[in-house]
Structures are given as C-alpha cells and as structure tokens.
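Structural overview
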Amino acid sequence: MDDQIEKMIQEQEPMAETMPNVITALSSLLQRVSVTNDDLSRPLWEHQRISAFSALTKPSISIRSYMERIFKYANCSDSCYIVAYIYMDRFIQKQPFVPIDSFNVHRLIITSVLVSAKFMDDMCYNNAYYAKIGGITTEEMNLLELDFLFGIGFQLNVTLSTYNNYCSSLQREMVMRNMYSPLLEPSFLTLKSLQISLYDEDSLSIHQNKQLTTAV
C-alpha cells in the first residue's frame, strides 16, 4: 500500500509555478508565528504541555515548502486552507498551553488540512495518503486526526462571516508581507480569544453553501 501511494505521489503533475495567495499568506503567517513563539516559549517551557503534535527536533523542511508539497499532492480546494487556518486557531484557543511553534506547526498543518478536506470537499484522499504527504506514518496520522478533533471539540462548522473574517486576515497578511511590517496575529500568538463569533446557529455554514468562492 505504501509503495502504491508513493507511486501516486511521484506520478502527480508538476506543481504550478504560481502558488495560490492563500498558501503564500498562510505559510508566511505561520512561519512568523512559529519563530515568535519559539522565542516567547523558552521562559515558559515548564508551563507548556508536550502534545502529540510536538516533534523532538525541528523539521528540516520549511513551512512554505511543506505547504507547497501539500498543495501539490492533496488536490484540495483553496477553501480548505482557509478552513484549516480557522481550525488551527480554534485548536490553540482551546489548548492555550500548546502554542504553535517550530516543533509542532508541520503536524498541525497536515492534520488541519486533512480534517478540513474531509469536511469541505466531496472527494479527498485517505489518511494513508496524507500521511505520506506529511512524512509521517499512517498510525500517527490517525492519532493526530483524533487528537485534533477532540482538541477543537469537534467544532467543524464555520459560518460565512467567520470565513470572511479569516480571509480578510490573510489578505492583510499579504499586504503586510509586501511591506515587511509586523502584523498582530489572532490567538496563534496572543493566545486570546478572537473578537468574532466562531459559530452562529442562525448563519449558514461554509459546508452548506456551495456558492462560496475563496476570497484570497
């Protein structure tokens, strides 16, 4: 099975030269947040919980290259990356002692994209395929998915207003990235709740609205 998956990955079409803005913006944001939290976390190390997402050493692959690899092989919609961004923020809000850093960001990315693709897209690859993309075992991918779902309290619905808010956040990230200026982050960095509603029973979820298009 692993050989078949590896062959499928190798036979994929070459990646397009131009990455979607959502990948560029999200990888830039996560890179800065990870580096910042690496520095901030040192004095508070004893207060932080080593989670299933934490690697023993920092992965050698950059966040940008990792996300490009996922984009190249996962074939999920651009909306999945927005929703994955939302899921990661929810995870950090509910798990305040597990800030995103260079040791856990890669596993959080692959897991959030997997969960998002399963919820958002009509068709997606299985866990074994995502594990191969992410450079981990299928068993670990299964455990990370379960841990992530419990970590966000199985809160998978995303309202259109929330989706648009996070799209705007990534659009600002692109502007600030071009200006080489710092940008205040959501709870990835501040570990405080966002000043927006994460769930509104009176609103349609993204999953229910088939007319939604990616705003970045």
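Let me sum up the structure you'll find in this document. For every chain, the first residue of the written sequence is number 1, and numbering continues from 1 onward in sequence order. Under the rules for a predicted model, residues below a pLDDT of 70 receive no local features and side-chain atom pairs below 80 are neither given nor counted, while totals for whole chains, interfaces and linings still include all residues. As a rule here, side-chain values cover all heavy atoms of the structure and leave hydrogens and water aside.

**Considerations on the overall build of the protein**
Numbering of helices and strands starts at the N terminus; helices are DSSP runs of H or I of at least 4 residues and strands are runs of E of at least 2. Assigned secondary structure in the protein consists of nine helices and zero strands. Ordering the α and β elements of the protein from the N terminus gives α-α-α-α-α-α-α-α-α. Across the 216 residues that make up the protein, the buried fraction comes to 46%. With an accessible surface of roughly 11200 Å², the protein has 53% of that area assigned to carbon and sulfur atoms. Burial classification: accessible surface area is computed with a 1.4 Å probe over protein chains only, and a residue below 20% of its type maximum counts as buried, one above 50% as exposed, and the rest as partly exposed. Residue-level accessible areas treat just the shown protein chains as cover; the underlying method is Shrake-Rupley with a 1.4 Å probe.

**Points about the nonpolar core**
Definition used in this section: a nonpolar core is a set of buried Ala, Val, Leu, Ile, Met, Phe, Trp, Tyr and Cys residues joined via side-chain atoms within 4.5 Å. Counting 55 residues, the largest nonpolar core has Leu30, Ile70, Tyr87, Ile109 and Tyr130 as the members making the most contacts within it. Counting residues per element, the ones that place at least two in this core are helix 2 (21-41), helix 3 (63-74), helix 4 (78-94), helix 5 (105-120), helix 6 (127-134), helix 7 (138-151) and helix 8 (160-179). Filtering out sequence-adjacent residues up to four positions away, Tyr87 remains in contact with Ser112, Val115, Ser116, Phe119, Phe148, Ile152, Gln155, Leu156 and Val158. Contacts between residues were defined by any pair of non-hydrogen atoms, one from each residue, lying within 4.5 Å.

**A short note on the environment of Leu114**
Among the structural elements, Leu114 can be located in helix 5. For the pair Leu114 and Tyr130, spaced 16 residues apart in sequence, the C-alpha separation works out to 7.0 Å. Those residues in contact with Leu114 that sit more than four places away from it in its chain are Asn127, Tyr130, Met141 and Glu145.

**Here's the deal with the packing of helix 6 against helix 7**
Between N-to-C directions, angles span 0 to 180 degrees; the directions come from axes that are lines fitted to C-alpha atoms, helices contributing only their stretch in contact. Viewed as axis vectors pointing N to C, helix 6 and helix 7 meet at an angle of 105 degrees, and their least axial separation amounts to 8 Å. Judged by the inter-axis angle, helix 6 sits roughly perpendicular to helix 7. Contact residues: Asn127, Ala128, Tyr130 and Ala131 in helix 6; Thr138, Met141, Asn142 and Glu145 in helix 7. Three classes are used: nonpolar for Ala, Val, Leu, Ile, Met, Phe, Trp, Tyr, Cys and Pro, charged for Asp, Glu, Lys and Arg, and polar for all others, with Gly counted as polar. Classifying every residue of the contact of helix 6 with helix 7 gives four nonpolar, three polar and one charged. When an angle is under 35 degrees it counts as roughly parallel; over 145 it counts as roughly antiparallel; between 65 and 115 it counts as roughly perpendicular; any other value is oblique.

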